[in-house]
Structures are given as structure tokens and as C-alpha cells.
Amino acid sequence: MKTIKVVAAVICDPPDKKQKIFATARGYGEFKGQWEFPGGKVEPGETPQQALVREIQEELATKIRVGDLITTVEYDYPTFHLSMDCFWCEVVEGELKLLEAEDARWLTKDKLYSVKWLPADVTLIAEIEKSME
């Protein structure tokens, strides 16, 4: 089975307290309308952190600071294996603009399960929940 290596940004506000996290709804493809954390594929020669900075610039027209690794999610979809490095992030410049996603929300701890997450992202939610205030 083919492995796809991706990165995901768990953007927090405020970053030190983690009271809200930013989630987006896919605007295209098989999982259109389901929720995820912004990010994307790691290109050859990039570190996961470099890939995340590039992807967020492309998807949200925003500069971020990549913080600590939360976890690496390993998930088998029917046609590929996903390996997703998930990092805490904060916006350092610009406003979050949806260039690819069809919707976005800031979610508080009590609203984390109010959206339909992509299957791989569901496993990340429990980890995030532990760190949120």
C-alpha cells in the first residue's frame, strides 16, 4: 500500500493557553465537506516544519510559527496509508483566508466534536483535547 506523508497545523489562539483551535472543511475531492486541520504533503527535500509553513501560506495566505509535535497519526484509508505529523502552530503574520477550504471554524474544547472530522483526524482530537483549556 502506498504511504502518503503529510503535515497538519493545529493553529491555536492564544498559543500559550490553547483555548481555540482552527479547523477547515475540505472544499474538494472524495472527502469534500469533512473537517480537518490545514496542511498537506511534504515535498522532497523539505522538513515537516518547512512543508507546514509552505502549505499554510498556500492554503490560508498566512505565516505561521510551527511549535511542538503533538503526535504522528498513522491511518489506513482504503487506497493508501497516511502518515501525518501534527504540530501546534500560531499565526505570526496575516489573516486566515480560505483559499482551498469551503468553510472554517474556531473550535473551543466543548465544540471539538461538533464537526464531522476526516477519519485520520479523529484520532488526533483526543490528544488535542487533553492540552486545551
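Residue positions are counted from 1 within each chain, in the order its sequence is given. Totals for whole chains, interfaces and linings use all residues, but because this is a predicted model, local features are given only for residues with pLDDT of at least 70 and pairs of side-chain atoms are given and counted only at 80 or more. Side-chain measures here rest on the full set of heavy atoms in the structure, leaving out hydrogens and waters.

(A) Quick look at the overall build of the chain. Secondary structure is summarised from DSSP: a helix means a run of H or I of at least four residues, a strand means a run of E of at least two, and numbering begins at the N terminus for each. Across its full length, the chain carries 2 helices and 7 strands. The size measure is the radius of gyration over C-alpha atoms, and the globule rule it meets is 2.2 Å times the number of residues to the 0.38 power. Computed over C-alpha atoms, the radius of gyration of the chain comes to 14 Å, within 12% of the 14 Å expected from 2.2 N^0.38 for 133 residues, which places it in the range of a compact globule. Taken along its principal axes, the extent of the C-alpha atoms in the chain is 40 × 30 × 25 Å. Contacts are residue-level and defined by heavy atoms, with any inter-residue pair within 4.5 Å sufficient. Restricting to contacts in the chain with at least 6 residues of sequence separation, those with at least 24 account for 67%. Of the roughly 7,000 Å² that the chain leaves accessible, carbon and sulfur atoms contribute 48%. Only four residue types enter the charge count: Lys and Arg as positive, Asp and Glu as negative, with His and the chain ends excluded. Lys charges are placed at NZ, Arg charges at CZ, Asp charges at CG and Glu charges at CD. Side chains of the chain carry 17 positive and 24 negative charges; the gap between the two charge centres is 2 Å. To be clear on the numbers: accessible area is Shrake-Rupley with a 1.4 Å probe, and residue cover counts the displayed protein chains and nothing else.

(B) A look at the pattern of salt bridges. Any Lys or Arg side-chain nitrogen located within 4 Å of an Asp or Glu carboxyl oxygen qualifies as a salt bridge. The tally for this structure, following the rule as stated, stands at 10 salt bridges. A salt bridge links Glu58 to Arg54; the shortest N-O distance between them is 3.3 Å. With Glu58 and Arg54 both in helix 1 (residues 48–60) and 4 residues apart, this pair spans about one turn of that helix. Taking the shortest distance from any N to any O, the salt bridge between Arg65 and Glu90 comes out at 3.0 Å. On the criterion of sequence distance, the pair formed by Arg65 in strand 5 (residues 63–76) and Glu90 in strand 6 (residues 81–93) is long-range, its members being 25 residues apart. The cut-offs for exposure are 20% and 50% of the maximum accessible area for each residue type, with area from a 1.4 Å probe on protein chains only; residues under the lower value are buried, those over the upper are exposed, and the others partly exposed. A residue is classified by how much of its surface remains accessible, and Arg65, at 47% relative accessible area, is partly exposed. Relative accessible area serves as the criterion here: at 22%, Glu90 is assigned to the partly exposed category.

(C) Summary view of the nonpolar core. In this structure, Val10, Ile21, Phe37, Met84, Trp117, Leu124 and Ile128 are the most contacted members of the largest nonpolar core, which totals 29 residues. For this core, the secondary-structure elements that each account for two or more residues are strand 1 (3–13), strand 2 (20–25), strand 5, strand 6 and helix 2 (119–131). The nonpolar core is taken to be a set of buried Ala, Val, Leu, Ile, Met, Phe, Trp, Tyr and Cys residues, with the residues joined through side-chain atoms within 4.5 Å.

(D) Molecular detail of the packing of aromatic side chains. Two aromatic rings, drawn from Phe, Tyr or Trp (for Trp, its six-membered ring), form a pair once their centres lie within 6.5 Å of each other, and the interplanar angle then sorts them: stacked below 30 degrees, edge-to-face above 60, tilted otherwise. Under the criterion given, the structure shown has 5 aromatic pairs. Between Tyr77 and Phe80, the aromatic rings sit 5.0 Å apart at their centres with planes inclined by 25°, giving stacked as the arrangement. Taking relative accessible area as the criterion, Tyr77 reaches 8% and is therefore assigned buried. Linked through ring pairs, Phe31, Tyr75, Tyr77 and Phe80 together constitute an aromatic cluster. If you follow Lys18 out to its NZ or CZ, it ends over the ring of Trp88, 4.7 Å from the centre. In this analysis the charged atom, NZ for Lys or CZ for Arg, is taken to sit over a ring once it is within 6 Å of the ring centre and within 35 degrees of the ring normal.

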